[in-house]
Amino acid sequence: MLSVTKPSFGLRIRNISAPQENEQMRAITYSMDLLIPGLYIWLPAFSVRIGGSVPDDHPYKYPGIIHSDTGIALVLPGYRIFSTYQGNYDPKQASDTGTSSF
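Because the structure is predicted, anything quoted here is derived from the model rather than measured. (Residues numbered from 1 in each chain as written. Predicted model: local features only at pLDDT ≥ 70, side-chain atom pairs only at ≥ 80, totals over all residues. Heavy atoms only, no water.)

**What to know about the pattern of salt bridges**
Piece 1. This structure, assessed with the given rule, holds 2 salt bridges.
Piece 2. Among the salt bridges present, the one from E23 reaches R26, with a minimum N-O distance of 2.7 Å. Of the two residues, E23 and R26 are both situated in helix α1 (residues 23-33); the distance of 3 residues between them amounts to about one turn of the helix.
Piece 3. For D57, the salt bridge goes to R26, with nearest N and O atoms at 2.6 Å. Within this pair, whereas D57 is found in the loop between β3 (46-51) and β4 (71-76), its partner R26 is found in helix α1, the two being separated by 31 residues in sequence.
Piece 4. Here D57 falls in the partly exposed class, since its relative accessible area comes to 28%.
Piece 5. Looking at R26, the relative accessible area reads 3%, which means it is buried. (Salt bridge = Lys/Arg side-chain N within 4 Å of Asp/Glu carboxyl O. Helix = DSSP H or I, 4+ residues; strand = E, 2+ residues; numbered from the N terminus. Buried < 20%, exposed > 50% of the residue type's maximum accessible area, 1.4 Å probe, protein only.)

**So, unusual backbone geometry**
When glycine is set aside, most residues are seen to have a negative phi, and most peptide bonds are trans.
Piece 1. In this structure, the amide linkage connecting H58 to the following residue, P59, adopts the cis form with an omega of 15 degrees.
Piece 2. Of note, P59 is situated in the loop between β3 and β4.
Piece 3. One non-glycine residue, L35, lies in the positive phi region at around 55 degrees.
Piece 4. Locating L35 in the fold gives a position in the loop between α1 and β2 (38-42).
Piece 5. Of note, the phi angle at Y79 is positive, near 60 degrees, even though the residue is not glycine.
Piece 6. Of note, Y79 is situated in the loop between β4 and β5 (80-83).
Piece 7. For Y79, a relative accessible area of 64% gives the class exposed.

**Quick word on the side chain of T29**
Piece 1. For T29, the location among the structural elements is in helix α1.
Piece 2. Beyond its immediate chain neighbours, meaning those up to four positions away, T29 contacts Y62, G64, I65, I66 and Y89. (Contact = heavy atoms within 4.5 Å.)

**Some thoughts on the nonpolar core**
Piece 1. By size, the foremost hydrophobic cluster in this structure holds 12 residues: M25, I28, Y30, M32, Y40, W42, Y62, I66, A73, V75, Y85 and Y89.
Piece 2. For this core, the secondary structure elements donating two or more residues are α1, β2 and β4.
Piece 3. Per-element accounting of this core gives the leading share, 4 residues, to α1. (Core = buried A, V, L, I, M, F, W, Y, C linked by side-chain atoms within 4.5 Å.)

**Brief notes about a nonpolar patch on the surface**
Piece 1. Taken together, the side chains of L74, L76 and F82 define a hydrophobic patch exposed on the protein surface, amounting to about 240 Å² of accessible area.
Piece 2. Tracing the backbone through its elements, the reader meets L76 in strand β4. (Patch = residues over 30% accessible without salt bridge, like charges linked within 9 Å, V, L, I, M, F, W, Y side chains within 5 Å. Areas by Shrake-Rupley, 256 points an atom, 1.4 Å probe, with all protein chains shown as cover.)

**Quick look at the pairing of β4**
Piece 1. Taking every second residue as pointing to the same face, the buried face of β4 carries G71, A73 and V75, while none of I72, L74 and L76 on the other face is buried.
Piece 2. As judged from the 5 bridges shared by β2 and β4, these two strands associate in the antiparallel manner. By the bridge assignment, I41 is partnered in β4 with I72.
Piece 3. Sheet topology note: the β4/β5 ladder contains 4 bridges and is antiparallel. In the sheet register, A73 faces β5, and the bridge partner there is S83.
Piece 4. Between β4 and β5, which pair antiparallel in sequence order, lie 3 residues; one of them, G78, sits at a positive phi of approximately 90 degrees. (Pairing = 2+ DSSP bridges.)

Shown next as structure tokens:
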């Protein structure tokens, strides 16, 4: 059975000076981590998400982080991803050293 989901689009200008968590970047991280089809672009001043999904925060809040200020990713159906981001989404691991920081 074919399931059709409502496409979603998100565009938000990020406040660079505010250190608070950005929900649009969480949605991009979540969608890329789960390989949900869509086009994702993030820059220091804004981010665009065409497709994807908002994080499912039940039973816990999704902790993933993109360790890059700029990037673009295209996730296609069939779990194919083309991305400039090559890091991981683990918030406890440094992106370039591979060592954990607690």
